[in-house]
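# Close look at the chain arrangement
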Amino acid sequence: MIDKINALKEKISSIKATSAEEVEALRIKYLSKKGEISAMMNDFRSVPPESKKIVGQALNELKNLITDRINTLREEVAAQKGSERLKDLDLTRTPAVTPLGTRHPLSIVREEIISIFRRLGFSIAEGPEIEDDWHVFSSLNFAADHPARDMQDTFFIQREPDVLLRTHTSSVQTRVMEHQKPPIRIICPGRVYRNEAISARAHCFFHQVEALYVDKNVSFADLRQTLLYFAKEMFGNDTKIRLRPSYFPFTEPSAEMDISCNLCGGKGCSFCKHTGWVEILGCGMVDPNVLEACGIDSKEYSGFALGMGIERITNLKYQVKDLRMFSENDVRFLKEFTSAR
Ligand code: DAH
């Protein structure tokens with residue numbers, strides 16, 4: 001039997017294969033249950049006990065040798081196949097151009113708003129989209145029966161205790177004031193949700209940017225100057241602003257800001273409904289009740305806040321007529337917006 005093993009050992013180093021099928025055939029011939037090695041294992045039973053050790057060792061060596069050889073052949077065949085494929089590779093060929101993506105218009109405008117406020121020393125703050133009543137309403141001085149708490153406007157996830165989707169980024173004001181002592185100068189971009197029927201002019205989610213400045217002696221003049229700077233940076237140096245008295249629970253006094261229509265330059269057109277002005281944001285002096293609710297002494301500190309819709313600003317810059325375009329992800333629409341940012 002030893003002779004048979006040795007003969008096979010010699011033969012093995014010279015076996016060849018040129019395809020995966022041939023390698024497989026060799027595996028079956030030698031290593032399968034009905035293969036030669038199995039047959040020799042059977043014969044091994046009749047080897048006299050005194051030779052068992054030597055013959056057993058030789059048989060194991062043979063099995064390892066064959067296994068190695070077949071594995072080597074398998075790798076060689078695979079490598080050969082790979083290099084055949086490489087023959088077709090033309091390294092001088094001009095590559096297909098990968099089309100460059102574009103930023104989403106809302107991202108472009110959000111970044112622009114942030115960078116304007118950053119130049120004024122504001123830093124970014126973020127808060128959760130899933131909120132509680134305290135941060136979205138109560139801390140912001142909403143009366144218990146304020147209609148904005150109504151399910152018409154707010155998506156509630158759970159009642160009592162209320163868990164809801166934030167309806168505005170003003171909630172981040174509270175999140176920051178709870179943990180940070182003045183001076184506070186933050187800008188909070190984010191997505192907000194309202195229970196509205198989706199149409200060209202309304203959506204159940206949209207984006208806002210909130211700004212908050214709290215320090216000693218912050219005045220309405222600071223607010224107005226900040227707004228004027230923002231409007232000129234965003235819409236051009238000739239832009240004028242106008243503040244109209246308004247009401248928000250969390251600011252007193254409150255105002256809405258219009259800018260001179262950037263389409264007609266204030267002369268009057270269909271976009272500004274022939275008034276020469278378009279509304280862009282809400283603002284005001286932080287109501288002392290809000291400061292106190294967040295643990296800030298309203299006798300020592302005052303502040304201003306403002307909030308704007310990013311879709312609204314984007315519409316003004318790019319005249320997107322239908323709000324739904326922003327979330328449909330039609331590449332023909334998205335490709336129209338290129339930006340270096
Ligand atoms: N949170 C208001 C809204 O969603 C916008 C707003 C108005 C924010 C006045 C403010 C503000 O910070 O002072 O309509």
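A brief report on the enclosed structure follows. Residue positions within a chain follow its written sequence, with the count starting from 1. Residue-level local features of this predicted model are given only where pLDDT is at least 70; pairs of side-chain atoms are given and counted only at 80 or more, and the full residue set underlies all totals for whole chains, interfaces and linings. To obtain the side-chain values, all non-hydrogen atoms of the structure were included, while hydrogens and water were left out.

## Thoughts on the site of the ligand
Worth spelling out the cut-off: Note on terminology: near, applied to a residue and a molecule or strand, indicates that one of the residue's heavy atoms is within 4 Å of it. What qualifies as a polar contact is a pair of N or O atoms within 3.5 Å, subject to a donor-acceptor requirement within protein and to the restriction that residues adjacent in sequence count only when both atoms come from side chains. Residue burial considers only the protein chains on display, and all accessible areas are found by Shrake-Rupley using a 1.4 Å probe. Strands are runs of DSSP state E lasting at least two residues, helices are runs of H or I lasting at least four, and both sets are numbered from the N terminus onward. Polar here means any residue outside two lists: the nonpolar Ala, Val, Leu, Ile, Met, Phe, Trp, Tyr, Cys and Pro, and the charged Asp, Glu, Lys and Arg; Gly therefore counts as polar.
Surrounding the ligand, one finds 15 residues, the nearest of these being His168, Ser170, Arg194, Gln208 and Glu210. Contacts to the ligand include His168, whose side-chain N or O atom sits 3.0 Å from a nitrogen atom. Between the ligand and the protein, one listed contact pairs an oxygen atom with a side-chain N or O atom of Glu210 at 2.5 Å. Burial of the ligand by the surrounding chains reaches 89%, relative to a free accessible area of 360 Å². Of all the elements in the fold, those that place two or more residues in the shell around the ligand are strand 6 (205-215), strand 9 (277-286) and strand 10 (302-309). Grouping the constituent residues of the shell around the ligand by class yields five nonpolar, eight polar and two charged.

## Description of unusual backbone geometry
The condition is simple: Think of it in three bands: with a 1.4 Å probe and only protein chains considered, a residue is buried below 20% of the maximum accessible area for its type, exposed above 50%, and partly exposed in between.
Going from Pro182 to Pro183, the amide bond is cis rather than trans, its omega being 5°. Turning to its location among the elements, Pro183 is positioned in the loop between helix 7 (171-179) and strand 5 (184-193). Each neighbour pair has its own omega, and for Glu252 with Pro253 the value is -5°, a cis peptide bond. Looking at the secondary structure, you find Pro253 in strand 8 (residues 251-260). Phi at Glu160 takes a positive value of approximately 45°, unusual for a residue other than glycine. Considering the arrangement of structural elements, one finds Glu160 in the loop between strand 3 (156-158) and strand 4 (163-165). Judged by relative accessible area, which is 74%, Glu160 ranks as exposed. Although it is not a glycine, His274 sits at a positive phi angle of roughly 60°.

## Observations regarding the packing of aromatic side chains
Any two aromatic rings considered together are summarised by their centre-to-centre distance and by the angle between their planes. Let me state the cut-off plainly: A pair of Phe, Tyr and Trp rings is counted when the ring centres sit within 6.5 Å of each other, with Trp represented by its six-membered ring. The angle between the planes then sorts it: under 30 degrees is stacked, over 60 is edge-to-face, the rest tilted.
One pass over the full model with this rule turns up eleven aromatic pairs. Ring centres of Tyr213 and Phe304 lie 5.5 Å apart, and the angle between their planes is 80°; on these two criteria the pair is classed as edge-to-face. Highlighted residues: Tyr213 in strand 6 and Phe304 in strand 10, separated in sequence by 91 residues. With relative accessibility at 17%, the residue Tyr213 sits in the buried group.

## Examining the sheet that holds strand 5
Pairing between sheet strands relies on hydrogen bonds along the backbone, with the strands arranged either parallel or antiparallel. Our working rule: The rule for pairing is simple: two strands pair if DSSP sees at least two bridges between them. For this analysis, residues touch if any pair of their heavy atoms sits within 4.5 Å. Working convention: axes come from line fits to C-alpha atoms, limited for helices to the stretch in contact. Angles between N-to-C directions cover 0 to 180 degrees.
Here seven strands make up an open sheet; going across it, the order is 1-5-6-10-9-8-7 and the pairing mixed. Taken across any chain shown, the strands that pair with only one partner, and hence form the sheet edges, are strand 1 (123-124) and strand 7 (241-248). Sheet analysis places strand 9 next to strand 10, joined by five bridges and oriented antiparallel. When the bridges of strand 10 are listed, Met285 appears paired with Phe304. Relative to the sheet, helix 5 (residues 105-119) contacts strand 1, strand 5, strand 6 and strand 10, its axis offset from that of strand 5 by approximately 165°. This element, helix 8 (residues 220-235), spans strand 7, strand 8, strand 9 and strand 10 of the sheet and lies at about 150° to strand 9.

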